[in-house]
Amino acid sequence: MAQNPGMSGTVDSYGVVGHPVAHSLSPFIHAMFARQTGQAMSYRLFDFPPEALQESVAAFFARGGRGLNITLPYKVAAVAHANELTKRAQHAGAVNTLAMRKDGTILGDNTDGVGLTQDLCSNRHVVVTHRRVLVIGAGGAARGVLAPLLGLEPQIVVIANRTADRAKALAAAFARLGAVEGVGFRYIAGGAFDLVINATSASLTGEIPDVPVGVVGPDTFCYDMAYGKGDTPFVRWCLELGCRAAVPGWGMLVEQAAESFRLWRGVRPLTGPVLSALTAS
Ligand code: ATR
């Protein structure tokens, strides 16, 4: 086990695996959680190249590592490391958390979706039940949040994607869990939605998904799963359209981390102070 010079005695070792991963805010977030809850643990960045992923993750656990977060581009590949998956990880087809259990087996979980619903419902007080929800995008980010979203029993979740076939396939895969429909951007019907979630990677290139402006109305709550300094392009676009509110995904980032922390340590940290610290500057 790793020694953490900041704490006395042996500490449990955690980290985040990605490629690249240097930009990750997870070490900052988990260090704050650990201080707040008095947990003796270390949390490091692990940039493993694709060809070394499998053996590096296995070596981390073989050396006594207790848990890992998994970020892009490995959330699907890391499923192979879990001996068992939670239901939500099965639905997502991807893991963002691996936890070593007492019996030496590894549990794979996906806390992204519950991170989103926790931020929406507890922090933002957004009502999803019986409301119309538009999810823009049909990649891994959208897939990861659909099960927890549908669990809130919205009237309908419309998945809209630039490539319509991907939206239709994703909707079909989740049809058992609730009312869900997949369409191309031009075929989004029914006027303004109660909740619009941007789950595309368009923000990475400063773009806005080309959805009809009518999906956003004065009562629409808009959520961008992306985050960055200041407002994202999608948040700015929604605000310009006169939506009720539009927020970037800082809360989802912190809430998904808190769920991972709870799985590992059995205690759920307070997220408010961490969110304030991240968005202060
Ligand atoms: P992730 O795991 O981040 O979801 P992904 O699986 O590559 O990444 O999916 C990216 C999503 O963003 C897709 O829904 C993609 O649309 P396509 O399926 O048509 O490619 C969407 N996307 C990326 N850039 C976009 C843009 N400029 N406008 C609209 N949608 C975009």
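Whatever comes next refers back to the structure up there.
Source: prediction; values computed, not measured. (Residues numbered from 1 in each chain as written. Predicted model: local features only at pLDDT ≥ 70, side-chain atom pairs only at ≥ 80, totals over all residues. Heavy atoms only, no water.)

**Here we look at the pairing of strand β1 (residues 12-18)**
Item 1. The buried fraction of β1 amounts to seven of the seven residues, a majority that puts the element mostly inside the structure.
Item 2. Across the two faces of β1 the burial is the same, with Asp12, Tyr14, Val16 and Gly18 and Ser13, Gly15 and Val17 all buried.
Item 3. Read from β1 through helix α1 (residues 26-37) to strand β2 (residues 41-47), the crossover connection turns out right-handed. (Buried < 20%, exposed > 50% of the residue type's maximum accessible area, 1.4 Å probe, protein only. Helix = DSSP H or I, 4+ residues; strand = E, 2+ residues; numbered from the N terminus. Right-handed = clockwise from strand over helix to strand, strands pointing away.)

**Quick notes on helix α5 (residues 140-151)**
Item 1. For α5, every residue scored as buried is listed here: Ala142, Gly144, Val145, Leu146, Ala147, Pro148, Leu149 and Leu150.
Item 2. Following α5 by one or two positions, Glu153 adopts a phi angle in the positive range, close to 55°.

**Structural notes on the environment of Phe48**
Item 1. You can see Phe48 is positioned in the loop between β2 and α2 (53-62).
Item 2. Taking the relative accessible area as the measure of exposure, Phe48 reaches 13% and is therefore buried.
Item 3. Taking C-alpha positions, Phe48 is 6.8 Å from Val17, a pair spaced 31 residues apart along the chain.
Item 4. Not counting the four nearest positions on each side in its chain, Phe48 is found in contact with Val17, Gly18, His19, Leu53, Ser56, Val57 and Tyr74. (Contact = heavy atoms within 4.5 Å.)

**Regarding the packing of helix α4 (residues 112-123) against helix α8 (residues 250-265)**
Between two packed helices, both the angle of their axes relative to each other and the distance between the axes serve to describe the pair.
Item 1. In the contact formed by α4 and α8, the axes pass within 7 Å of each other and the chain directions differ by 120°. The handedness of the crossing between α4 and α8 comes out as right-handed. Two secondary-structure elements touch here, α4 through Asp112, Val114, Gly115, Leu116, Gln118, Asp119 and Asn123 and α8 through Gly251, Met252, Glu255, Gln256 and Glu259.
Item 2. Across the contact of α4 with α8, the residue classes break down as three nonpolar, five polar and four charged. (Axes fitted to C-alpha atoms, helices over the stretch in contact; angles between N-to-C directions. Left-handed = near helix turned anticlockwise from the far one by under 90°. Nonpolar A, V, L, I, M, F, W, Y, C, P; charged D, E, K, R; others polar.)

**Quick notes on the state of the cysteines**
Item 1. Summed over the entire model, instances satisfying the criterion amount to zero disulfides.
Item 2. Summary of cysteine pairing: Cys222 is not part of a disulfide, and the nearest cysteine sulfur, belonging to Cys238, is at 3.5 Å.
Item 3. Since its relative accessible area comes to 1%, Cys222 is described here as buried. (Disulfide = S-S within 2.5 Å.)

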